[in-house]
Amino acid sequence: MLMESIENGIDLRKLINIILNRLWIIILVTAVTTSAGLIISFRVLDTIYESSTTLIVNNNKTNDERMLQYYDVLLNQKLVKTYEQIVKSYTVSNQVIKNLSLDCSISEFQSWINVSSVQDTEIIKIRVSHQDPILATKIANEVATVFKSEVIRIMDVDNVQVIDTAIPPKTPVKPDHKINAAVAFVLGIMLGLGIVFLVEYLDDTIKTEDDVKKYLDLPVIGLIPNIEDVSN
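The rules behind the values
Residues numbered from 1 in each chain as written. Predicted model: local features only at pLDDT ≥ 70, side-chain atom pairs only at ≥ 80, totals over all residues. Heavy atoms only, no water. Helix = DSSP H or I, 4+ residues; strand = E, 2+ residues; numbered from the N terminus. Buried < 20%, exposed > 50% of the residue type's maximum accessible area, 1.4 Å probe, protein only. Polar contact = N/O pair within 3.5 Å; in protein donor to acceptor, adjacent residues only side chain to side chain. Contact = heavy atoms within 4.5 Å. Pairing = 2+ DSSP bridges. Axes fitted to C-alpha atoms, helices over the stretch in contact; angles between N-to-C directions. Phe/Tyr/Trp six-rings, centres within 6.5 Å; stacked < 30°, edge-to-face > 60°.

### So, the side chain of Ser51
Summarising the element assignment, Ser51 is placed in strand E1 (residues 49-57). For Ser51, a relative accessible area of 2% corresponds to the buried category. A polar contact is formed between the side chain of Ser51 and the side chain of Thr137, at a distance of 3.3 Å. A polar atom in the side chain of Ser51 sits 3.1 Å from the backbone oxygen of Ile167. The residues touching Ser51, leaving out its near neighbours within four places in the chain, are Ile126, Arg127, Val128, Ala136, Thr137, Ala140, Ala166, Ile167 and Pro169.

### Things to note about the sheet that holds strand E2 (residues 113-117)
By definition, the strands of a sheet pair up through backbone hydrogen bonds, in either a parallel or an antiparallel sense. If you trace the four strands from one edge of the open sheet to the other, you get E2-E3-E1-E4, paired in antiparallel fashion. Across the chains shown, the open sheet's two edge strands, defined by having one partner strand only, are E2 and strand E4 (160-164). The sheet shows a mean angle of 30° between the axes of neighbouring strands, taken without regard to direction. Inspection of the sheet shows E2 paired to strand E3 (residues 123-130) by five bridges, in the antiparallel sense. Each bridged residue has a counterpart across the sheet, and for Ser117 the counterpart in E3 is Ile124. On the sheet, helix H7 (residues 133-155) packs against E1, E2, E3 and E4 and is oriented at approximately 20° with respect to E1.

### Focus: the environment of Thr47
Along the chain, Thr47 turns up in the loop between helix H3 (23-44) and E1. On the accessibility criterion, Thr47 (34% relative accessible area) is partly exposed. In sequence terms Thr47 and Val173 are 126 residues apart; their C-alpha atoms lie 7.8 Å from each other. Excluding its chain neighbours within four sequence positions, the residues that come into contact with Thr47 are His130, Gln131, Pro172, Lys174 and Pro175.

### So, the side chain of Asn159
Mapped onto the secondary structure, Asn159 falls in the loop between H7 and E4. Note on Asn159: relative accessible area 6%, which makes it buried. A polar contact is formed between the side chain of Asn159 and the side chain of Tyr83, at a distance of 3.0 Å.

### Remarks on the packing of aromatic side chains
According to the stated counting rule, one finds two aromatic pairs in the structure shown. Seen from their ring centres, Tyr83 and Phe147 are 5.7 Å apart, and the 75° between their planes marks the pair as edge-to-face. Here Phe147 lies in helix H7 and Tyr83 lies in helix H4 (residues 70-87), a separation of 64 residues in the sequence. The same class applies to Tyr83 and to Phe147, which are both buried.

In structure tokens:
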């Protein structure tokens, strides 16, 4: 029936019948995949917390010099890109690891750190992702402190100020159980449909008089109707 529908063009009614006839397969597969997705999300995937601190790059000015010229802003915005690299440098990472007595490699530590700049601003955001929310907060604040001292040493300028210090996060950012369940649910439906159509494609049994005419090239001379038992 499936091949016939494909050869003669898609018959929506036949496709719907194929799905309805084996709907239990789709429901079963979807239930299994959704359950598996939830189990993996809650029991297998690590719970990750994220803490962040925000810094700003600007020129130190007295009260009489608060008016920044346009070229000063542009210069600071360009410095932001340089400072992003300093934040994730070996020197800063190694110093933070020593200061906090962390038991990890440089590469592992740097995988916890994400540095980004707010577009067209002088603001740098340092995010730290870790399974321990308290440790993530300590790392974020320590990275900001070490970074500020390294800027003074490397660039010979003191133009980085902390806007917001990191605070311990209350809720994790990963895994997102709702998203994982939704993805598993959709995958289950797709997999179920694939199995249904595969079974239909491999099913070469004759079901209707049209199948007799088509595959056996024989005329149909009579039909035996289904007779349901009726009990009084």
